Amino acid sequence: MTQQTQIIVAGGGIGGLSAAVALARAGRTVRIVEQASEFRAIGYGIQLGPNAHHAFRHLGIEQEILDRCSLPEAGVLANAVTGETLLRLPMGEEMRRRYGQPYAVIHRPDLHEVLIEACRREGVELITDCELRSFEDTGSLVRVDTSKGTLEASALVAADGIWSKSRTALVGPETPERLGYVAFRAVRPMSEIPAHLAKNEVKLWCGPSCHMIHYPLHGGTIFNLVIGFDYRYNAEAEAGMSYKERILKRFEGACEDVRGLLPYLDFSRFWEIATITPISTWSKGRVTLLGDSAHAMVQAMAQGACQAIEDALVLAECVSTADEDYAAAFREFNSRRLVRATRVQYMSRFMWELIHVRGAYVDLRQSMLSRFRDSDTLEMLSWLYDEHAAGLGRKELPHIARAG
Ligand SMILES: Cc1cc2nc3c(=O)[nH]c(=O)nc-3n(C[C@H](O)[C@H](O)[C@H](O)COP(=O)(O)OP(=O)(O)OC[C@H]3O[C@@H](n4cnc5c(N)ncnc54)[C@H](O)[C@@H]3O)c2cc1C
């Protein structure tokens, strides 16, 4: 495999697949190398804010995605102990009217399927079982050493996730920070869930050092449930207890609705929550990071994937403007995206803290949030959801159709 391509994308997650679609639409030949044996997503839900749908529109896949989405009527932040609503974000028609796109939730495999199908349509070469091991930018090309041999390309887009090897190689060792939280998830048939909890909304319950979030998928036929739990809190007193036992104990003081959902969780698998401290340099020469490898964030604003999708569009805009000068294109990409992604990382971390407060901070949170009306909440997010604030679509992609 020494045949040259214009761009190698390392990593076939949401970021890498979106970047491949965008770059191919800008007329580049693209090859994705994915270390896993198939291009596959874990079978849980993901939230896609209006900013992601703006990007999908420019990538020509807006409708295909929306056809597989559910559109919740509201996002509700509630106190997990008292059951009180703290904040309500209108998501239905009001969101679409204000931002031109809806707030949607989708089953991750469905999103992957659309992205992979779009890659195939655009002629992207998809290679599995192919791990990027190292790379060398010679100044005139990038040589990529993979588990399937050496590949060459004019440029490398490293979308290899939060534990990115490429980031270490490009900007030095930066170990992601483990936040001391683990997440447990579940998807269950909606018919199993008590009817009064099966509402068409994204509900986030804020608890002391824990949270729960749930929303319906697939037109309301599936219930997606996630909890986050701080394993550092009370660790000494709870030594010897399993995560499951500790979670049930942590949620003992929660309101009935929250406690009623705990039996539906899948305790067989969990995710360690980690993030990276924002970095300024994502690109050097003919190599750039993208998505979580550049700006992994906590999921408190449900934006990690949305930011990767925005990256993909902006990257393709920069590449199509800079012609064959990839170093210039990547410098521009880095500069156009840096402040925005850093802001989302920062705000996500702030929200993460706010969601999990204890003691007197709970009263502070209540007093801070209770003053906002639904319309205020909708407006407060204009910096995030508005297409122009997101810096998207400054240049239409030419969409150069590829033969074959
Ligand atoms: C519990 C939870 C809930 C979340 N909810 C949301 C949400 O609602 N909305 C939202 O927008 N975001 C959400 N996120 C964040 C979102 O999942 C990530 O930000 C997003 O998936 C990042 O995509 P990515 O393509 O950059 O990285 P990844 O999804 O990590 O993909 C990286 C890919 O690269 C491959 N890879 C890694 N190393 C190599 C290598 N050396 N060679 C080749 N391939 C390699 C991996 O196998 C993988 O396929 C959530 C995250 C968590 C943990």
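Structure's up top.
Residues numbered from 1 in each chain as written. Predicted model: local features only at pLDDT ≥ 70, side-chain atom pairs only at ≥ 80, totals over all residues. Heavy atoms only, no water.

### Considering the sheet that holds strand β11 (residues 177–189)
As summarised here, the arrangement of the seven strands in space is β5-β4-β12-β13-β14-β11-β15, forming an open sheet in which the pairing is mixed. Of all the strands in the sheet, just β5 (85–90) and β15 (270–275) have a single pairing partner and so form its edges. Along the sheet, successive strands turn relative to each other by an average axial angle of 20°, direction set aside. Relative to strand β14 (residues 222–230), β11 is paired through nine bridges, and the arrangement is antiparallel. (Pairing = 2+ DSSP bridges. Helix = DSSP H or I, 4+ residues; strand = E, 2+ residues; numbered from the N terminus. Axes fitted to C-alpha atoms, helices over the stretch in contact; angles between N-to-C directions.)

### Topic: the site of the ligand
Within the structure, the ligand sits among 27 residues, and Gly-15, Glu-34, Gln-47, Leu-132 and Asp-292 are positioned closest to it. At a separation of 2.8 Å, an oxygen atom of the ligand approaches a polar side-chain atom of Asp-292. One nitrogen or oxygen atom from the main chain of Ala-305 is found 2.9 Å from an oxygen atom belonging to the ligand. Within the residue set of the shell around the ligand, elements represented by two or more residues are α1 (14–25), β3 (45–48) and α10 (304–322). Tallied by class, the residues present in the shell around the ligand amount to nine nonpolar, twelve polar and six charged. (Near = heavy atom within 4 Å. Polar contact = N/O pair within 3.5 Å; in protein donor to acceptor, adjacent residues only side chain to side chain. Nonpolar A, V, L, I, M, F, W, Y, C, P; charged D, E, K, R; others polar.)

### Some thoughts on the pairing of strand β8 (residues 132–137)
Pairing geometry for β8 and strand β9 (residues 142–146), over five bridges, is antiparallel. When the sheet's bridge partners are listed, Glu-136 is paired in β9 with Arg-143. A loop of four residues connects β8 with β9, the two strands running antiparallel in sequence, and Gly-139 in this loop sits at a positive phi of about 100°.

### Here's the deal with the nonpolar core
In terms of nonpolar packing, the biggest core is built from 74 residues, with Val-9, Leu-23, Leu-48, Phe-56, Ile-65, Leu-111 and Leu-156 touching the most fellow members. Top element by residues in this core is α10. It accounts for eleven residues. The residues touching Val-9, leaving out its near neighbours within four places in the chain, are Gly-16, Ala-20, Leu-23, Val-30, Arg-31, Ile-32, Val-33, Val-157 and Ala-159. Judged by nonpolar contacts, the second largest core, of 37 residues, contains Leu-87, Leu-204, Val-344 and Leu-354. (Core = buried A, V, L, I, M, F, W, Y, C linked by side-chain atoms within 4.5 Å. Buried < 20%, exposed > 50% of the residue type's maximum accessible area, 1.4 Å probe, protein only. Contact = heavy atoms within 4.5 Å.)

### Some details on the side chain of Asn-224
With respect to the helices, strands and loops of the structure, Asn-224 is situated in strand β14. For Asn-224, a relative accessible area of 1% gives the class buried. Separated by 2.8 Å, the side chain of Asn-224 and the backbone nitrogen of Gly-45 make a polar contact. Those residues in contact with Asn-224, other than ones at most four positions away along the chain, are Tyr-44, Gly-45, Ala-186, Val-187, Ile-213, His-214, Tyr-215 and Leu-217.

### Examining the pattern of salt bridges
All chains considered together, the criterion is met by 22 salt bridges. A salt bridge links Asp-374 to Arg-88; the nearest nitrogen and oxygen atoms lie 2.6 Å apart. Of the two residues, Asp-374 sits in helix α13 (residues 374–380) while Arg-88 sits in strand β5, which places them 286 residues apart along the sequence. For Asp-374, a relative accessible area of 29% gives the class partly exposed. The partner of Arg-246 in a salt bridge is Glu-238, and the shortest N-O contact between them spans 2.6 Å. According to the relative accessible area criterion, Arg-246 is buried, its value standing at 6%. For Glu-238, a relative accessible area of 4% corresponds to the buried category. Each of Glu-310, Asp-311, Arg-337 and Arg-340 takes part in salt bridges that share partners, so that together they form one network. (Salt bridge = Lys/Arg side-chain N within 4 Å of Asp/Glu carboxyl O.)

### Let's talk about helix α7 (residues 243–250)
Considered for burial, the residues of α7 that qualify are Arg-246, Ile-247 and Arg-250. Projected down its long axis, α7 carries its buried residues within an arc of 100°, all on one side. The secondary structure elements touched by the buried residues of α7 are β11, β13 (210–217) and β14. (Arc of directions from axis to C-beta.)

Geometry only, nothing functional implied.
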